Amino acid sequence: MKAFGVESGVVVPLDRANVDTDQIIPKQFLKSIRRTGFGDNLFDSWRFLDEGDIGVTPNERQINHDFVLNLPRYQDGGVLLARDNFGCGSSREHAVWALMEYGFKAVIAPSFADIFYNNCFKNGLLPIVLKEEKIDELFQLVAREPGFTLTIRLPDQRIELTDGTHVDFEIDAMRKRKLLEGLDDIDLTWAHTDAIRRFEVGYRTRRSWLFKD
Amino acid sequence: MLDWEPGLATLYDKIWDDHLVGRRSDGVCLLYIDAHLLHEVTSPQAFEGLRLAGRSVWRVAANLATPDHNVPTENRAAGIGGISDPVAREQVVTLDANCKQHGITQFDIHDIRQGIVHVVGPEQGATLPGMTVVCGDSHTSTHGAFGALAQGIGTSEVEHVLATQCLAQSKARNMAVRVDGALPDGVYAKDLVLAMIGMTGTAGATGHTIEYTGAAIRALTMEGRMTVCNMSIEAGARAGLIAVDDITLEFVHGRPFAPVGAAWNAAETYWRTLESDADAQFDKEIVLQAERLVPHVTWGTSPEMVVGVDGCAPDPADAANEIQADSVARALHYMGLSANQPVTDIVLDRIFIGSCTNARIEDLRVAASIVAGKRVAKSVKQALVVPGSGLVKAQAEREGLADIFLQAGFEWRDPGCSMCLAMNPDKLLPGEHCASTSNRNFEGRQGHGGRTHLVSPAMAAAASIAGHFVDVREWI
Ligand code: SF4
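Residues numbered from 1 in each chain as written. Chains lettered and ligands numbered in written order. Predicted model: local features only at pLDDT ≥ 70, side-chain atom pairs only at ≥ 80, totals over all residues. Heavy atoms only, no water.

J.: Hey, could you go over the overall build of chain A for me, with residue numbers and the actual values?
T.: Scanning chain A from N- to C-terminus turns up 8 helices and 7 strands. With the C-alpha coordinates aligned to their principal axes, the bounding extent of chain A is approximately 65 × 45 × 25 Å. Pairs at least 24 apart in sequence give 64% of the contacts found in chain A among residues at least 6 apart. Accessible surface computed for chain A: about 8,900 Å², of which carbon and sulfur atoms make up 49%. Taking the average location of the 28 positive side-chain charges in chain A and that of its 34 negative ones, the two points are 6 Å from each other. (Helix = DSSP H or I, 4+ residues; strand = E, 2+ residues; numbered from the N terminus. Contact = heavy atoms within 4.5 Å. Areas by Shrake-Rupley, 256 points an atom, 1.4 Å probe, with all protein chains shown as cover. Lys, Arg positive; Asp, Glu negative; His and termini not counted. Charge placed at Lys NZ, Arg CZ, Asp CG, Glu CD.)

Structure representation (structure tokens):
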């Protein structure tokens, strides 16, 4: 997994609550058996006016020029600013893959849906939770200042604005370490295979009906 | 490592504790997984990861697979060759190959036991009380109906479970949803759970495991309980569960994967203990009165945007704040509805009876009883019944339900997810309104530009005849 240290990016404001993973990456793109190739179809049904499918390139599509991702000032976005319950709905990890492949390194919102939040940490996308008021302020700043950029320093749990001010954020210490070091979850668990085997022996006796093997 | 006091444990606490392998060096808990269900969409990258890391499947017998999202619901005799979309076909072929390579049991596209993974697991007795169940699909919460801890996971976690038989996670908080009283006639489990989501909102249970309790829950059949637990995720909970009782055990007994003889007796003794202690501590509790519930219909683009059938679409002017007013206005616009429009005025283009929420035999019986001897309205372009599994389909045909649907003008299809998420050819066209027994009314969920209204099978059936929503209580 890609490690996350200090990242800067243009902030893209997505001013909607309950953005679900069906919107982040619509189902027709889930037919792929790969982990890559989703970036061009991030927010597909908002970004384009026609219905896309795997293999159809963006320049064959009808662009929705009103959608925030298509506005010239938000090109090359690196930080997504969103509202409550971002990433709700389907468990598809493709949503995280699509956001990252598009170029987002972090998503800032007042709250996230559980499975999406979890999936972020498996891939190196940083979900940052801030209070509603802070989020409101950021939305206002983004609207005011074209090219509004944030620098996120995960080691310091700090978001820096270009005017020299900053916002601090909370993050679980273990999750932070995992991102900083780019640790793979399976590798971490793999170190405990003996414990799992020991557990299994006792469990097999205790709940014998579950083991036909 | 108990984090609850003896005598104060919830059902979730107990199942969690029974599966706790320990804490990893980074403090995250390892939870042992009993059953892992797989389908074609979220597993290929996990198997690929396993291959790249040179790992094998930890406990092959704990896995059960079936293709469901992509499979066509017509011309099943053609098998995989009948999947017209080559990309979708490759995914189903890949699941086949992965299962063969690792020796995982799969009910493939030709197997009568094939179906929606959340219908198939319980039907086979692969989901048992007290188990931890995972699947790369958010509606895994369905299996909580059996007093199991069942959670949807992402693809990285699918690989993690394949490789280690464990899930690495932190414990959620406990939430109780108590439903007192008895459901009135014409009001079903689906209405109950939609009403709950209307109350909590789609993030109301985030970070919690819900336990459903109360007389109205105890009175539900296993099908009804599965419908309720299925939609826990729509309230933000990763899992929802219901304590074990006679109804649970009766359903499980005799199923192909269920224990028999002495093993059954041992299991039953344990299963009978699977309920929360009388004084169990919940972090959050909500209470609903079943008698007051009415049939529900979603008007918007999120399951929390729901009203009683006697209600109207909201007016953005009445919203609590600007953000909410904006989201109501946006949803009304997408749905092609006006503020204060009565629900019964919504005219329907298509009807979909199916999905892991409502495609079990009981759902089909209820819907069939309403359409029997009637005809689907001329204005309805298509009315589909998609049974949840091949076995549900066969049973419905034996009971004569298929004939009732066909005579009423419904199409009778082969099992799969179908129009619930429209990954196969069954989809809405832009602007079309659909009465759907599925679980998500997100923008484009049932097809680009499609407009979904979530309802119970009875409500969908009545709407198919009337051509618009009607109060099904007046029909029974
Ligand atoms: S029926 Fe719908 S919700 Fe259920 S597993 Fe299939 S796609 Fe998901």
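Here the narrative resumes.
J.: Lay out the domain arrangement of chain A in plain terms, naming residues and giving numbers.
T.: Partitioning chain A into domains gives domain 1 (6-182) and domain 2 (184-213). The gap between the C-alpha centroids of domain 1 of chain A and domain 2 of chain A is 36 Å. (Domains from an automatic or database assignment.)

J.: Give me the nonpolar core: which residues, what numbers.
T.: Ranked by size, the top nonpolar core spans 110 residues in total, and within it Phe43, Phe86 and Leu99 of chain A together with Phe405 of chain B carry the most contacts. Among the nonpolar cores identified, the runner-up in size contains 98 residues, and Met196, Ile210, Met226 and Leu454 of chain B belong to it. (Core = buried A, V, L, I, M, F, W, Y, C linked by side-chain atoms within 4.5 Å. Buried < 20%, exposed > 50% of the residue type's maximum accessible area, 1.4 Å probe, protein only.)

J.: Could you give an account of the packing of helix 3 (residues 94-102) of chain A against helix 4 (residues 114-121) of chain A, naming the residues involved and the relevant values?
T.: When two helices pack together, their arrangement is given by the angle between the helix axes and by the axis-to-axis distance. Residue and element names in this part refer to chain A. At their nearest, the axes of helix 3 and helix 4 sit 9 Å apart, and the two run at 55° to each other. Put simply, helix 3 runs oblique to helix 4. Judged by the twist between their axes, the crossing of helix 3 over helix 4 is right-handed. Contacts between helix 3 and helix 4 pair Ala95, Val96 and Leu99 from the former with Phe116, Asn119 and Cys120 from the latter. Residue classes in the contact of helix 3 with helix 4 are distributed as 5 nonpolar, 1 polar and no charged. (Axes fitted to C-alpha atoms, helices over the stretch in contact; angles between N-to-C directions. Parallel < 35°, antiparallel > 145°, perpendicular 65-115°, else oblique. Left-handed = near helix turned anticlockwise from the far one by under 90°. Nonpolar A, V, L, I, M, F, W, Y, C, P; charged D, E, K, R; others polar.)

J.: Outline the site of the ligand, listing residues and values.
T.: For the ligand, the full set of nearby residues is His69, Ile116, His118, Asp137, His139, Ser355, Cys356, Cys417, Cys420, Leu421, Asn439 and Arg445 of chain B. Across the shell around the ligand, the residue classes tally to 5 nonpolar, 5 polar and 2 charged. (Near = heavy atom within 4 Å.)

J.: Break down the interface of chain B and chain A for me, with residues and values.
T.: Where interface size is quoted, it is often the accessible area lost as the parts come together. Every contact between the two is made by 74 residues of chain B and, on the other side, 61 residues of chain A. Buried surface at the junction of chain B and chain A, summed over both partners, amounts to about 5,700 Å²; 55% is from carbon and sulfur atoms. Considering only the surface of chain B that becomes buried against chain A, Gln45, Trp58 and His448 of chain B emerge as the three largest contributors, covering 12% of it. On the surface where chain B and chain A come into contact, there are 8 salt bridges. (Buried area = accessible area lost by both parts, 1.4 Å probe. Salt bridge = Lys/Arg side-chain N within 4 Å of Asp/Glu carboxyl O.)

J.: Describe in detail helix 14 (residues 401-408) of chain B, supporting the description with residues and values.
T.: Each turn of an α-helix holds 3.6 residues, which means side chains three or four residues apart point in the same direction. All names here are of chain B. Those residues of helix 14 not exposed but buried are Leu401, Ala402, Phe405 and Ala408. All buried residues of helix 14 fall inside an arc of 135° around its axis, so they share one side. On the buried face of helix 14, the contacting elements are strand 15 (350-353), helix 12 (361-371), strand 16 (382-385), helix 13 (390-398) and strand 17 (411-412). Where helix 14 terminates, the next one or two residues include Gly409, which has phi positive at roughly 105°. (Arc of directions from axis to C-beta.)

J.: Before we move on, could you go through the side chain of Arg413 of chain B and cite the residues and values that matter?
T.: All names here are of chain B. Counting through the fold element by element, Arg413 comes out in the loop between strand 17 and strand 18 (433-436). A residue is classified by how much of its surface remains accessible, and Arg413, at 6% relative accessible area, is buried. One polar contact links Arg413 to Glu411, side chain to side chain, over a distance of 2.6 Å. (Polar contact = N/O pair within 3.5 Å; in protein donor to acceptor, adjacent residues only side chain to side chain.)

J.: Describe in detail the sheet that holds strand 16 of chain B, supporting the description with residues and values.
T.: Residue and element names in this part refer to chain B. If you walk across this open sheet you meet the 5 strands as 17-16-15-18-19, and the pairing is parallel. In this open sheet, the two edge strands, each paired with only one partner strand, are strand 17 and strand 19 (451-454). Note that strand 16 and strand 17 share 2 bridges and pair parallel. Bridging from a neighbouring strand, Leu384 pairs with Glu411 of strand 17. (Pairing = 2+ DSSP bridges.)

J.: Give me the lowdown on the pairing of strand 19 of chain B, citing residues and values where you can.
T.: Residues and elements named next belong to chain B. In strand 19, alternate side chains face the same way, and those of Arg451 and His453 on one face and Thr452 and Leu454 on the other are all buried. The pairing of strand 18 with strand 19 spans 4 bridges and is classified as parallel. Pairing of Cys434 across the sheet is with Thr452, part of strand 19.

J.: Go over helix 10 (residues 261-271) of chain B, please, and point to the residues and values.
T.: Residues and elements named next belong to chain B. Restricting attention to buried positions, one finds in helix 10 the residues Trp264, Ala267, Tyr270 and Trp271. The arc that holds every buried residue of helix 10, seen down its axis, measures 125°, which confines them to one face. Pointing more than 90 degrees away from the buried face of helix 10 are the exposed residues Ala262 and Thr269. Lining the buried residues of helix 10 we find helix 1 (11-18) and helix 9 (246-252).

J.: I'd like a rundown of the packing of aromatic side chains, residues and numbers included.
T.: Counted under the stated rule, the structure contains 21 aromatic pairs over all chains. A ring pair is formed by Phe199 of chain A and Tyr203 of chain A, whose centres lie 5.2 Å apart and whose planes are at 20°; its orientation type is stacked. Placement of both Phe199 of chain A and Tyr203 of chain A in helix 8 (residues 193-206) is noted, with a separation of 4 residues, approximately one turn of the helix. The class of Tyr203 of chain A is buried, set by a relative accessible area of 0%. On the basis of an interplanar angle of 80° and a centroid distance of 5.9 Å, the ring pair of Tyr203 of chain A and Phe211 of chain A is categorised as edge-to-face. Accessibility expressed as a relative area gives 11% for Phe211 of chain A, which makes it buried. Through a chain of ring-to-ring contacts, the aromatic side chains of Phe86, Phe112, Phe116, Tyr117 and Phe121 of chain A assemble into a single cluster. Over the ring of Trp190 of chain A we find Arg55 of chain B, and its NZ or CZ is 4.6 Å from the ring centre. Sitting over the face of the ring of Tyr12 of chain B, Lys171 of chain B holds its NZ or CZ atom 5.3 Å from the ring centroid. (Phe/Tyr/Trp six-rings, centres within 6.5 Å; stacked < 30°, edge-to-face > 60°. Lys NZ or Arg CZ within 6 Å of the ring centre and 35° of its normal.)

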